[in-house]
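In case you want the letters, here they are:
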Amino acid sequence: MLEVSIYRYNPEVDSEPYMQEFQFDTQGKDIMVLDVLEKLKTEDPTLVFRRSCREGVCGSDGVNISGKNGLACITPLSEAVKNNKLVIRPLPGLPVIRDLVIDMSQFYAQYEKIQPYLINNTPAPAIERLQSPEDRAKLDGLYECILCACCSTACPSFWWNPDKFIGPSGLLQAYRFLADTRDTGTEDRLAGLDDPFSVFRCHGIMNCVQVCPKGLNPTKAIGHIRSMLLASGT
Amino acid sequence: MVNSVTSLGRSGLSDWLVQRVSALVMTAYIFFMVGYFIINPSPSFEQWQALHGSLAMRIFSLLTILSIAAHAWIGMWCVLTDYITVRLIGPKATPIRMFLQLVMIALILFYVVWAIDILWGI
Amino acid sequence: MANMRTMSFDAVIVGGGGSGMRAALQLAQSGYKTAVITKVFPTRSHTVSAQGGITCAIASDDPNDQWQWHMYDTIKGSDYIGDQEAIEYMCKTGPEAVFELEHMGLPFSRNDNGRIYQRPFGGQSKDFGEGGQAARTCAAADRTGHALLHTLYQGNLKNETVFLNEWFAVDLVKNSDNAVVGVVAINIETGETVYVKSKATVFATGGAGRIYASTTNAHICTGDGIGMALRAGFPVQDMEMWQFHPTGIHGAGTLVTEGCRGEGGYLINKEGERFMERYAPNAKDLAGRDVVARSMVQEILAGRGCGENGDHVFLKLDHLGEETLNAKLPGILELSRTFAHADPVVEPIPVVPTCHYMMGGIPTNVDGQALTMDDQGVEQVVDGFYACGEAACVSVHGANRLGGNSLLDLVVFGRASGLFIEKQLREGIDLKDATEEDIQRAMKVLNRINGSQEGEKASVLRAELQTIMQNHFGVFRSGDFMKEGIEKLKALRPRIENVQLADTSNAFNTARIEALELQNLLEVAEATAVAAEWRTESRGAHAREDFQERDDENWLCHSVYFPHDQSVAKRDVNFTPKTREAFEPKVRSY
């Protein structure tokens, strides 16, 4: 039997959070952490977590699994269980609403701050705006972000200043638009990032790179933003 | 764009640049001094005074002192705005941080003035 | 509940997926007060899982491509019960809608000349089936749905749409004229119930693949819009038509895009034979999805299935080479390695036909207005009520949807609904206010569930429902067996209505949401079952063992299911496109 320990907190009932222990029979199969949660919820319907696509593209079920942020639906037990024990907590650093569900409004607010949409005020052509495959390739590794918040909630700088530091996810998206040859808002975008907090609270700890379930590299993108700021500032 | 009352209106880029440039100056100084001691493991008082009496060395030392001051100020400002924040310790954070920053400024100024006094007093 | 809060909007869109956000974008740009009610944060909607692309004649791959060819393919694919006026509108307006997405920033893959990359998909042809395989599906690698959904969310942020994120719509509110004047919705985070009043209520609630045990659909695809419409007494159309996608990963159910076969992959049985050559000599693995899915099941039934239990076939990709796979199908490599423990670079992926798409839905016209029929069988518009996307049945997919047409459907008809509602709002919409009694009627189900302490667990009942649907209404169907399934569903109804709510708290109570979703699943399942048993022919995705032929004389029609007496009526298929003569039904071969 697998020992599963899950963070529980219901604001209406509990004065403080606690860890609840479950025994789970995996029947020898290497299932996903989400399968475990789903099964436990059939036993205890009060257990609360988010989930949607169950295939790692919607970004709903980011949780802290045995100490590392990840998506429950694509993390197999073989990667998550240590000493026959699975520990599931909410993503750290943001307020907990209930059990494994966190309040992500600060995370989304940072995303909105970077103007996450294409800016191009030139009249659009009758067909698509042309872009070479090489220019399009600059967006690879950026546009795939699923906003699961695994990276930002693994970042100490984001823990300390979630209201001021944009965080790895938002910055990855900021660079996604800076790198897009169709976007003409570069100057504005850079001006909005040139304060001591938005970008420069990144100290290159690289937790974001380590946990990203999509294998993306926010630190690298942040480096590119710095270079662009440097180039535009001199 | 984040505006913070205590950021003293500096841009993140200039802070970041100052950190890097000052780090280079300090590294150069360390390399120079280590090199000096390798070549001359136990300098006499005269040798030591001659070294620091030259104008170039005095400027180099002063530059290093100023680099340490800038580096320390930006670094400590970051640390203070990470940990001594309203979000973490409540409304008293701002006055505490202000006080600590004033202490920092006073200390740094004191050290810089003292260093200048030493360097030009040779 | 007497003091329930009311929020008022010009337009309310239920559902934050592709069609809902496209409609919302249109309305937000027009300046009308628009809200999107969505039970998950918008980018968690199921559109995000669409992989292969959006089919549209933008004439990039082939400069001579014509939207009329796309129209022909879609009508043929629908097995001739797609409405030709609607299909014409979709194929003709498509390029404009796709270019708009590109202008909004959608990161399409590109050809060397800088235009959008298009890949071949099943059922695509040039020159009305005479010119061979076409490549018409515009793609952003194999993450087109993700790219599209995020782009639409970004567009809505730019235009400051109001999002009621993690709110769940419970039921429609109708006034005394039987017009729709909003919905009752729960704020999941706080548990507060609110009457969201609106001049126009758009259902963009997506599909309901979760009525089946094995589905490519997300957990959230529970047919909430269909359930609400049926409970409000409105009919649904073509609910017997469910698409089984040929390539769901065996065991996990996760989707493997048709783009794999578009890029040159093919299916093999346990003997390593490329069996689609026998079933569809011309199109082979790129025949219509219904054709491929049936062929796979036939291979399995003939004992040529793969694996220990011989219950799946293989999708072979390794011959395409690692470089191509990394460039064109990176997401598939990830999914296959994670869920099938197979690396497509060196070994085939175990796949099996898996429930994927609901062709049926709330009947609407091209403007997104929901339709009903009066006692004489005459079509009538339901005032204040609109639908688009998978929840709607315009109908552009008829009995079988072509790959890549769902994303096009979303943006074209989300946009069309938005445009039409904008026009109506400008002209003035005047609907009677709902009375306290009207609102209470919409609270009935929620009140019942909130007070339900006895009864069985939602998870147990849901599993039972899914098993019934999987066994009795799968790829192949037969009358007796379906009748048995209908009886089982009938017996299940009182148990599901009496589902236990073990958690009565307010904060983020997902048990309550699951109990409500279960009610919707049941409505969808019953409509599906009754309509499937009713249609005594085989057409598109509806394949009957006891009626194996298509019967145009009797069944070239839509089915319309009425909830109050569970009756089904025929509705004429539209054969009057505006710009050309209709495509007449002919034998459908690939």
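Predicted model only: the values in this text are computed from it and were never measured. Each chain has its residues counted from 1, running along the sequence as written. A letter from A marks each chain and a number from 1 marks each ligand, given out in the order of writing. Residues qualify for local features only when their pLDDT is at least 70, as the model is predicted, and side-chain atom pairs are given and counted only at 80 or more; totals for whole chains, interfaces and linings, by contrast, use all residues. Side-chain figures throughout are based on the complete set of non-hydrogen atoms in the structure, without hydrogens or water.

Now for the overall build of chain C. The secondary structure listing takes helices from DSSP runs of H or I that are at least 4 residues long and strands from runs of E that are at least 2 residues long, numbered from the N terminus. Scanning chain C from N- to C-terminus turns up 17 helices and 22 strands. On C-alpha atoms alone, chain C measures out to a radius of gyration of 23 Å, which is about the 25 Å that the 2.2 N^0.38 rule sets for 590 residues. Once the C-alpha set of chain C is aligned to its principal axes, its extents read approximately 65 × 50 × 50 Å. Counting over 590 residues, chain C shows a buried share of 69%. Counted over contacts in chain C with a minimum sequence separation of 6, partners at least 24 positions apart contribute 73%. Charge separation in chain C, taken as the distance between the mean sites of 57 positive and 79 negative side-chain charges, equals 2 Å. To get the radius of gyration, use the C-alpha atoms; to get the globule rule, take the number of residues to the power 0.38 and multiply by 2.2 Å. Buried, partly exposed and exposed residues are distinguished by accessible area as a fraction of the type maximum, computed with a 1.4 Å probe on protein chains only: under 20%, between the cut-offs, and over 50%, respectively. Whether two residues touch is decided by their heavy atoms; if any such pair falls within 4.5 Å, the residues are in contact. When charges are counted, neither His nor the chain ends are considered; positive counts come from Lys and Arg and negative counts from Asp and Glu. Just so you know, the charge point we use is NZ for Lys, CZ for Arg, CG for Asp and CD for Glu.

Turning next to the domain arrangement of chain A. All names here are of chain A. Where each domain starts and ends follows an automatic or database-derived domain assignment. Along its sequence, chain A is carved into domain 1 (2-102) and domain 2 (105-233). For domain 1 versus domain 2, the distance between C-alpha centres works out to 29 Å. Facing 14 residues of domain 1, the contacting portion of domain 2 comprises 15 residues. For domain 1, the biggest contributors to the area lost against domain 2 are Lys68, Asn69 and Leu94; these three give 39% of the whole. What counts as a salt bridge is simple: a side-chain nitrogen of Lys or Arg found within 4 Å of a carboxyl oxygen of Asp or Glu. The tally of links between domain 1 and domain 2 comes to 0 salt bridges. The dominant element in the side of domain 1 that touches domain 2, judged by the number of residues it contributes, is strand 4 (residues 68-71), at 4 residues. For the side of domain 1 that touches domain 2, a count of residues per class yields 7 nonpolar, 6 polar and 1 charged. Two parts lose some accessible area (1.4 Å probe) when they are put together, and adding that loss for both gives the buried area. Residues were grouped as follows: Ala, Val, Leu, Ile, Met, Phe, Trp, Tyr, Cys and Pro as nonpolar; Asp, Glu, Lys and Arg as charged; and all remaining residues, including Gly, as polar.

In this complex, chain B contributes 19 residues to the contact, which on the side of chain A involves 20 residues. A combined buried area of about 1800 Å² lies between chain B and chain A, and 64% of that area is made up of carbon and sulfur atoms. Summed over the shared surface of chain B and chain A, the result is 1 salt bridge. When the shortest N-O distance is used, the salt bridge between A:Arg201 and B:Asp82 registers 2.8 Å. Any N or O atom pair separated by 3.5 Å or less is treated as a polar contact, with the protein-specific requirement of one donor-capable and one acceptor-capable atom, and with residues adjacent in sequence counted only for side-chain atom pairs. Taken together, the links from chain B to chain A amount to 9 residue pairs in polar contact (both at pLDDT 80 or more). Among the elements of the structure, helix 1 (12-39), helix 3 (55-83) and helix 4 (86-89) of chain B are those that each provide at least two residues to the side of chain B that touches chain A. Residues that form the side of chain B that touches chain A fall into these classes: 9 nonpolar, 6 polar and 4 charged.

This next bit is on the confidence of the model for chain C. The share of residues in chain C with pLDDT of 70 or more is 100%, and the mean pLDDT across the chain is 96. ipTM for the predicted complex: 0.98, alongside a pTM of 0.96. A score between 0 and 100, pLDDT records how confident the predictor is in each residue.

All names here are of chain C. As enumerated under the stated definition, the model contains 65 salt bridges over all chains in all. A salt bridge links Lys199 to Asp10; the shortest N-O distance between them is 3.3 Å. Of this pair, Lys199 sits in strand 9 (residues 193-203) while Asp10 sits in strand 1 (residues 5-14); the two residues are 189 residues apart in sequence, bridging distant segments of the chain. In this structure, Lys490 engages Glu487 in a salt bridge whose closest nitrogen and oxygen atoms are separated by 3.8 Å. With Lys490 and Glu487 both in helix 15 (residues 479-497) and 3 residues apart, this pair spans about one turn of that helix. Relative accessible area serves as the criterion here: at 48%, Glu487 is assigned to the partly exposed category. A network of salt bridges, in which partner residues are shared, links Asp79, Glu240, Asp290, Arg294, Arg535, Glu537, Arg539, Arg550, Asp552 and Arg588.

Moving on: the arrangement of the chains. Here the protein chains form 2 pairs of chains in contact, of which the pair with the most contacts is chains A and C. Looking at chain B next to chain C, you find no contact at all, with the nearest C-alpha pair sitting 17 Å apart.

Criterion for a disulfide: a pair of cysteine sulfur atoms within 2.5 Å. Scanning the entire structure with this criterion turns up 0 disulfides over all chains. Cysteine A:Cys202 is unpaired, with the sulfur of A:Cys208 as its nearest cysteine sulfur at 6.6 Å. Taking relative accessible area as the criterion, A:Cys202 reaches 11% and is therefore assigned buried. Distance from the sulfur of C:Cys355, which forms no disulfide, to the nearest cysteine sulfur (C:Cys221) is 9.4 Å.

The subject of this paragraph is the packing of helix 2 (residues 67-77) of chain C against helix 3 (residues 84-104) of chain C. Residue and element names in this part refer to chain C. Here, axes are lines fitted to C-alpha atoms. For helices the fit covers the stretch in contact, and angles between N-to-C directions go from 0 to 180 degrees. One way to put it is that helix 2 packs onto helix 3 with a least axis distance of 9 Å and a crossing angle of 140°. Classed by the angle they form, the pair helix 2 and helix 3 counts as oblique. Regarding helix 2 and helix 3, the two cross each other, and that crossing is right-handed. Each of Trp67, His70, Met71, Thr74 and Ile75 in helix 2 lies in contact with helix 3, whose residues at this interface are Gln84, Ile87, Glu88, Met90, Cys91 and Lys92. Here the contact of helix 2 with helix 3 is composed, by residue class, of 6 nonpolar, 3 polar and 2 charged. The labels follow the angle: roughly parallel below 35 degrees, roughly antiparallel above 145, roughly perpendicular from 65 to 115, and oblique for the rest. Should the near helix be turned counterclockwise from the far one by less than a right angle, the crossing is left-handed, whereas a clockwise turn marks it as right-handed.

Our focus in this paragraph is the interface of chain C and chain A. Contacts between the two partners involve 61 residues from chain C, matched on the other side by 59 residues from chain A. Per-residue buried area on chain C facing chain A is highest for C:Arg44, C:His103 and C:His219; these three make up 15% of the total on that side. Taken together, chain C and chain A are joined by 7 salt bridges. Of the charged contacts, one joins C:Arg115 and A:Glu128 as a salt bridge, the two residues approaching to 2.9 Å between their closest N and O atoms. At the junction of chain C and chain A, the tally comes to 34 residue pairs in polar contact (both at pLDDT 80 or more). Those elements that place two or more of their residues in the side of chain C that touches chain A are helix 3, helix 4 (144-158), helix 10 (330-340) and helix 16 (510-534) of chain C. When residues in the side of chain C that touches chain A are grouped by element, the largest group, 7 residues, is from helix 4 of chain C.

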